[in-house]
Amino acid sequence: MDQQPIQHIQHITYSTKYQDATYEYRHVVLPSQLTAIVPRHLLAEHEWRSLGLQQSRGWIHYGFYAPEPNVLLFRRKLPNPVPRPPEGDVTAPAPAAQPSTDAVTDNISTFM
């Protein structure tokens with residue numbers, strides 16, 4: 001690659017991070033001038049770094065935002081994913097047993 005990506009580093013914008021139970025996500029908006037040189041396959045880390053992207057380790061390029069080809073989608077696995085109940089599982093813990101009002105009434109009547 002030529003020097004073109006380096007000239008545009010200051011124009012690369014990074015989204016805030018967002019997440020679900022398994023992954024942390026972010027998207028990166030490249031200057032539209034770089035769109036023509038971005039390969040249209042999922043990029044390995046050395047490829048997106050050669051475009052001038054600067055992110056910590058662990059980010060994986062997993063897609064493009066179709067309406068805007070200069071938007072790259074990234075994700076990385078959360079260190080300890082939050083366990084989620086299986087889909088459709090609506091079981092809830094049983095409520096604690098409440099004392100019978102008859103038992104309370106019986107105890108009061110024995111003291112009267």
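Look above for the structure.
Attention in this report is confined to the structure presented alongside it. Remember, it's a predicted structure, so these values are computed and weren't measured experimentally.

Moving on: the overall build of the protein. Within the protein, the secondary structure is distributed over 3 helices and 5 strands. For the protein, the sequential pattern of α-helices and β-strands runs α-β-β-β-α-β-β-α. A burial count over the protein gives 26% of its 112 residues as buried. Contacts in the protein between residues far apart in sequence, at least 24 positions, make up 51% of those at least 6 positions apart.

Moving on: the nonpolar core. Nonpolar side chains tend to gather and get buried jointly when the protein is soluble and globular. If you look at the biggest cluster of nonpolar residues, it comprises 12 residues: Ile12, Val28, Leu30, Leu34, Val38, Leu43, Trp48, Leu51, Leu53, Trp59, Leu72 and Phe74. Residue contacts for Ile12: discarding those within four places in its chain leaves Val28, Val29, Leu30, Pro31, Leu51, Gly52 and Leu53.

Let's shift gears to the pattern of salt bridges. Using the criterion set out here, one finds 2 salt bridges in the structure. A salt bridge links Glu45 to Arg49; the nearest nitrogen and oxygen atoms lie 2.8 Å apart. Of this pair, Glu45 and Arg49 both sit in helix α2 (residues 45-50), separated by 4 residues, roughly a single helical turn. The exposure class of Glu45 is partly exposed, given its relative accessible area of 30%.

Moving on, we come to the environment of Pro83. Within the secondary structure, Pro83 sits in the loop between β5 (71-77) and α3 (101-111). The spatial distance from the C-alpha of Pro83 to the C-alpha of Thr22 is 8.8 Å, given a sequence separation of 61 residues.

Our next topic: the packing of aromatic side chains. Counted under the stated rule, the structure contains 4 aromatic pairs. Seen from their ring centres, Tyr18 and Tyr25 are 5.9 Å apart, and the 15° between their planes marks the pair as stacked. The class of Tyr18 is partly exposed, set by a relative accessible area of 38%. Where Trp48 meets Phe74, the ring centres are 5.3 Å apart and the plane angle is 75°; that geometry is what we call edge-to-face.

This brings us to the environment of Thr13. Along the polypeptide, Thr13 turns up in strand β1 (residues 13-14). Judged by its relative accessible area of 43%, Thr13 is partly exposed. With 58 residues separating them in the primary sequence, Thr13 and Val71 have C-alpha atoms 9.6 Å apart. Ignoring any residue separated from it by four or fewer positions in sequence, one finds Thr13 in contact with His27, Val28 and Val29.

The two faces of the sheet receive side chains in turn, since in a regular strand these alternate between them. The buried fraction of β5 is high, at 5 of 7 residues. Both strand β4 (residues 60-64) and β5 contribute to a ladder of 4 bridges, which runs antiparallel. The residue bridging Ile60 from the neighbouring strand is Arg75, located in β5. The antiparallel hairpin formed by β4 and β5 contains 6 residues in its connecting segment.

Cut-offs and rules
Residues numbered from 1 in each chain as written. Predicted model: local features only at pLDDT ≥ 70, side-chain atom pairs only at ≥ 80, totals over all residues. Heavy atoms only, no water. Helix = DSSP H or I, 4+ residues; strand = E, 2+ residues; numbered from the N terminus. Buried < 20%, exposed > 50% of the residue type's maximum accessible area, 1.4 Å probe, protein only. Contact = heavy atoms within 4.5 Å. Core = buried A, V, L, I, M, F, W, Y, C linked by side-chain atoms within 4.5 Å. Salt bridge = Lys/Arg side-chain N within 4 Å of Asp/Glu carboxyl O. Phe/Tyr/Trp six-rings, centres within 6.5 Å; stacked < 30°, edge-to-face > 60°. Pairing = 2+ DSSP bridges.

Structural measurements only, silent on function.
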